[in-house]
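# Structural overview
In case you want the letters, here they are:
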Amino acid sequence: MASHGVRGRSGGRPTLEEVAARAGVGRGTVSRVINGSPRVSDATRAAVEAAVAELGYVPNTAARALAANRTDAIALVAPEPETRFFAEPYFSDMLKGVGSELSETEMQLLLIFAGSDRERERLAQYLAAHRVDGVLLVSVHADDPLPDLLTQLEIPAVISGPRSAAEPLASVDSDNYGGARSAVEHLLSRGRGRVAHITGHLAVYGAQRRVDGYRDALREAGHEVDEGLIEPGDFTEEGGRRAMAELLRRHPDVDAVFAASDVTAAGAGQVLREAGRRIPDDVALVGYDDSAIARHMEPPLTSVRQPIEEMGRAMIDLLLTEIADRRPAASRGLERHQVVLATELVERRSS
């Protein structure tokens with residue numbers, strides 16, 4: 001008669017430790033497989049799944065959550081107003097990647113906005129009650145207190161783009177520096193000599209790195225960097241309009257613009273057309289993100305593609321690993337995972 005499962009050594013239900021011993025792996029690896037973490041090799045996953053089947057191990061989700069103080073929920077926190085979150089393709093693509101990766105697990109996703117002081121206070125109280133197992137932070141400025149609060153509460157967290165080169169939290173980002181360099185090098189290769197840059201919000205480290213890439217590309221091509229051709233923006237369409245108007249006022253001879261986002265480039269393009277400047281004949285234009293906006297502009301926008309959905313999936317991957325390893329930060333040392341994904345320049349008719 002076929003067996004319907006193997007009793008554990010104690011005669012009761014098989015334990016997680018017994019599954020680990022049968023598979024020849026650690027307890028944490030078994031947890032990763034059960035929780036659906038992608039950070040497990042195919043061979044290891046197969047060994048754990050075989051041990052689970054042989055022992056008849058059934059995860060007790062409720063008991064596991066209580067024992068580990070687990071909620072089986074994570075929060076995606078955006079320190080931005082809801083209107084901006086849903087208006088910009090970057091956030092929707094990030095959410096798409098997060099959702100697709102999380103759909104392979106039993107974890108629930110909470111979307112929380114913290115764009116005002118009141119919302120931040122409510123969020124702090126919510127997190128202090130440990131109602132989620134981990135947090136994804138997107139669009140974080142350098143002075144944002146939320147990452148430090150998460151560290152203080154010892155809540156696993158992954159941030160989309162570090163706040164600085166010394167970011168202590170796990171982070172996932174694209175190569176902002178390299179992407180900006182490729183944009184400027186492309187414009188210079190087209191014979192443009194007065195290349196301006198409309199920045200993103202400079203409290204965001206990624207925006208700072210794009211400025212660094214812009215400057216270095218000019219210097220290495222033998223061009224002097226004119227700081228007057230760098231105009232602060234904030235990643236928004238209106239910010240692009242304001243910055244472009246100011247650049248034309250100061251430098252009417254500008255013949256190329258690298259904008260820190262496609263949305264910003266769209267605003268800049270409106271001002272150029274209103275001023276009678278043809279794109280790309282008079283002024284070449286390059287954006288960043290390679291969103292749907294880039295493809296639908298007229299002329300279609302050359303843009304730096306960053307793999308935003310892949311970034312969202314990588315953030316979930318890292319967060320599940322952080323949740324599975326809940327040792328206090330002090331015992332883990334200072335090492336954190338920093339993932340940087342490659343960018344690609346997509347050439348279209350705007351340049």
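What you are looking at is a predicted structure, and each value in this text was computed from that prediction instead of being measured.

### Some remarks on the overall build of the protein
- Scanning the protein from terminus to terminus reveals 15 helices and 12 strands.
- Residues classed as buried in the protein amount to 50% of the 351 residues present.
- Considering only contacts within the protein whose residues lie at least 6 apart along the sequence, 72% involve residues at least 24 apart.
- If you sum the accessible surface of the protein, you get close to 16,100 Å²; carbon and sulfur atoms cover 50% of it.

### Some details on helix H3 (residues 42-55)
- Across its 14 residues, H3 extends 20 Å between first and last C-alpha, which sits within 8% of the 20 Å expected from 1.5 Å per residue.
- Looking at the residues trailing H3, positive phi occurs at Gly-56, about 70°.

### A word on the sheet that holds strand S8 (residues 256-259)
- On the basis of which strands lie adjacent, the open sheet formed by 6 strands has the order S7-S6-S8-S9-S10-S12 and mixed pairing. Across the chains shown, the open sheet's two edge strands, defined by having one partner strand only, are strand S7 (230-231) and strand S12 (344-346).
- Bridge count for strand S10 (residues 302-305) against S12 is 3 bridges, and the pairing is antiparallel. Its bridge partner lying in S12, Ser-303 is registered against Val-346.

### What to know about the packing of helix H1 (residues 16-23) against H3
- Where H1 meets H3, the closest approach of the two axes is 8 Å, and the angle between their N-to-C directions is 120°. On the basis of the axis angle, H1 is oblique to H3. As for the relative orientation of H1 and H3, their crossing is right-handed in sense. Within the contact between the two elements, H1 uses Glu-18, Val-19, Arg-22 and Ala-23 and H3 uses Ala-47, Val-48, Ala-51, Val-52, Glu-54 and Leu-55.
- Of the residues in the contact of H1 with H3, the class split is 7 nonpolar, no polar and 3 charged.

### Examining the environment of Leu-187
- Assignment of secondary structure puts Leu-187 in helix H9 (residues 176-189).
- Between the alpha carbons of Leu-187 and Val-257 there is a distance of 8.5 Å; along the sequence they are 70 residues apart.
- When sequence neighbours within four positions are dropped, the list of residues in contact with Leu-187 reads Arg-192, Val-195, Ala-256, Val-257, Phe-258, Ala-284, Val-286 and Ser-351.

### A short note on the pattern of salt bridges
- Inspection of every chain in the model, using the stated rule, returns 24 salt bridges.
- Note that Arg-181 and Glu-185 form a salt bridge whose closest N and O atoms lie 3.2 Å from each other. Placement of the pair is Arg-181 and Glu-185 together in helix H9, with a separation of 4 residues, close to one helical turn.
- We classify Glu-185 as partly exposed; its relative accessible area is 38%.
- Taken together, the salt bridges that share partners define one network made up of Glu-231, Glu-246, Arg-249 and Arg-250.

### Side note on empty space enclosed by the protein
- Here the structure, examined in full by the defined rule, presents 3 cavities of 30 Å³ or more.
- Along the wall of the largest cavity there are 27 residues; nearest its centre are Tyr-90, Ser-139, Val-204, Arg-210 and Phe-235.
- Only helix H6 (89-102), strand S5 (170-174) and helix H10 (205-220) provide two or more residues apiece to the lining of the largest cavity.
- Here the lining of the largest cavity is built from residues that sort into 11 nonpolar, 10 polar and 6 charged.

### Details of the environment of Ala-221
- Of note, Ala-221 is situated in the loop between H10 and S7.
- A residue is classified by how much of its surface remains accessible, and Ala-221, at 43% relative accessible area, is partly exposed.
- For the pair Ala-221 and Leu-188, spaced 33 residues apart in the sequence, the C-alpha separation amounts to 8.1 Å.

### Quick notes on the nonpolar core
- Counting residues in hydrophobic clusters, the biggest one holds 39 residues, and the most contacted among them are Met-244, Val-257, Phe-258 and Leu-285.
- Only H9, strand S6 (195-198), H10, helix H11 (237-250), S8, helix H12 (262-274) and strand S9 (284-289) provide two or more residues apiece to this core.
- If near-sequence neighbours (up to four positions away) are discounted, Met-244 is found in contact with Ile-198, Val-254, Val-257, Ala-268, Val-271 and Leu-272.
- Membership of the second largest hydrophobic core comes to 26 residues, among which are Phe-85, Leu-102, Met-315 and Leu-320.

### Here we look at H6
- Its 14 residues place the ends of H6 20 Å apart at the C-alpha level, agreeing with the 20 Å of an ideal helix rising 1.5 Å per residue.
- Three or more residues of H6 are buried, namely Pro-89, Tyr-90, Phe-91, Met-94, Gly-97, Val-98, Glu-101 and Leu-102.

### Re the packing of aromatic side chains
- In total, this model carries 2 aromatic pairs according to the counting rule given.
- With a centroid separation of 6.3 Å and 50° between ring planes, the pair formed by Phe-258 and Tyr-288 is classed as tilted. Of the two residues, Phe-258 is situated in strand S8 and Tyr-288 in strand S9; the sequence distance between them amounts to 30 residues. Accessibility classification places Phe-258 together with Tyr-288 in one group, the buried group.
- For the cation-ring pair, Arg-210 lies above Tyr-288, with the distance from its terminal atom to the ring centre recorded as 3.6 Å.

Criteria and cut-off values
Residues numbered from 1 in each chain as written. Predicted model: local features only at pLDDT ≥ 70, side-chain atom pairs only at ≥ 80, totals over all residues. Heavy atoms only, no water. Helix = DSSP H or I, 4+ residues; strand = E, 2+ residues; numbered from the N terminus. Buried < 20%, exposed > 50% of the residue type's maximum accessible area, 1.4 Å probe, protein only. Contact = heavy atoms within 4.5 Å. Areas by Shrake-Rupley, 256 points an atom, 1.4 Å probe, with all protein chains shown as cover. Expected span 1.5 Å × (residues − 1). Pairing = 2+ DSSP bridges. Axes fitted to C-alpha atoms, helices over the stretch in contact; angles between N-to-C directions. Parallel < 35°, antiparallel > 145°, perpendicular 65-115°, else oblique. Left-handed = near helix turned anticlockwise from the far one by under 90°. Nonpolar A, V, L, I, M, F, W, Y, C, P; charged D, E, K, R; others polar. Salt bridge = Lys/Arg side-chain N within 4 Å of Asp/Glu carboxyl O. 1 Å grid on protein atoms, 1.4 Å probe; cavity = no way out; pocket = protein on both sides within 12 Å on 5 of 7 lines; lining within 4 Å. Points joined across faces, edges and corners; volume = space filled by probe spheres on them. Core = buried A, V, L, I, M, F, W, Y, C linked by side-chain atoms within 4.5 Å. Phe/Tyr/Trp six-rings, centres within 6.5 Å; stacked < 30°, edge-to-face > 60°. Lys NZ or Arg CZ within 6 Å of the ring centre and 35° of its normal.

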